[in-house]
Amino acid sequence: MRKSTSLLQQDGKLPFVPLEEEFIMGVSKYGIKVSTSDQYDVLHRHALYLIIRMVCYDDGLGAGKSLLALKTTDASYEECSLWVYQCNSLEQAQAICKVLATAFDSVLTSEKS
């Protein structure tokens, strides 16, 4: 997924759309909600069952930017989307990935019970 992201960026097919302000990413057993810092507006929702993969990594350009890449599919499993979020640090990106992994584990464990 990291290689795909880099290739898309190089080809100009993954546009960089910076937000004017920071956002909040909430992770729950239902998925991920990205909202404005005042939590007034929801920018994106990613349902847990539609998330295929999530990775965090350094952008590799020497700028020290930590990225969180999220691959999702639509409800019919016909198309995929790639979402890339910039985090304040690699530790923050890793913490989000860890919470998402816990959410997946929690749902899978409750389904087995």
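Fair warning: this is a prediction, and the values are worked out from it, not measured in the lab. (Residues numbered from 1 in each chain as written. Predicted model: local features only at pLDDT ≥ 70, side-chain atom pairs only at ≥ 80, totals over all residues. Heavy atoms only, no water.)

Right, let's talk about the overall build of the protein for a bit. Looking only at helices and strands, the protein features two helices and six strands. Secondary structure elements of the protein, listed N to C terminal, follow the sequence α-β-β-β-β-β-β-α. Long-range pairs, those at least 24 residues apart, make up 39% of the contacts in the protein between residues at least 6 apart in sequence. Total accessible area computed for the protein in this model is approximately 8,000 Å², and 51% of it derives from carbon and sulfur atoms. (Helix = DSSP H or I, 4+ residues; strand = E, 2+ residues; numbered from the N terminus. Contact = heavy atoms within 4.5 Å. Areas by Shrake-Rupley, 256 points an atom, 1.4 Å probe, with all protein chains shown as cover.)

What follows concerns unusual backbone geometry. Backbone geometry places Gln39, a non-glycine residue, at a positive phi of 60 degrees. Inspection of the secondary structure assignment puts Gln39 in the loop between β2 (31–36) and β3 (42–47). In the Ramachandran plot, Tyr77 falls in the positive-phi region, its phi being about 60 degrees despite a non-glycine side chain. Classification of Tyr77 by relative accessible area gives exposed; the value is 53%. (Buried < 20%, exposed > 50% of the residue type's maximum accessible area, 1.4 Å probe, protein only.)

Attention now goes to the sheet that holds strand β6 (residues 80–87). Strands sit in the order β4-β5-β6 across an open sheet of three strands; the sheet is antiparallel. Two strands bound the open sheet, and with one partner strand each, they are β4 (51–58) and β6. Across the sheet, the mean angle separating the axes of adjacent strands is 15 degrees when strand polarity is ignored. As paired strands, β4 and strand β5 (residues 66–73) are joined by seven bridges and run antiparallel to one another. Bridged to Tyr57 within β5 is Leu67. (Pairing = 2+ DSSP bridges. Axes fitted to C-alpha atoms, helices over the stretch in contact; angles between N-to-C directions.)

The strand order β1-β2-β3 describes an open sheet built from three strands, whose pairing is antiparallel. On the outer flanks of this sheet lie β1 (23–28) and β3, each paired with one strand and no other. Neighbour-to-neighbour, the strand axes of the sheet open up by a mean angle of 10 degrees, direction not taken into account. Strand direction decides the pairing type here: β1 and β2, joined by six bridges, are antiparallel. Bridged to Val27 within β2 is Ile32.

What follows concerns the confidence of the model for the protein. On average, residues of the protein score 80 in pLDDT, and 76% of them reach the 70 mark or higher. Here helix α1 (residues 2–10) stands out as the least confident element of the protein, with mean pLDDT 53; β3 is the most confident, with 92. (pLDDT = per-residue confidence, 0-100.)

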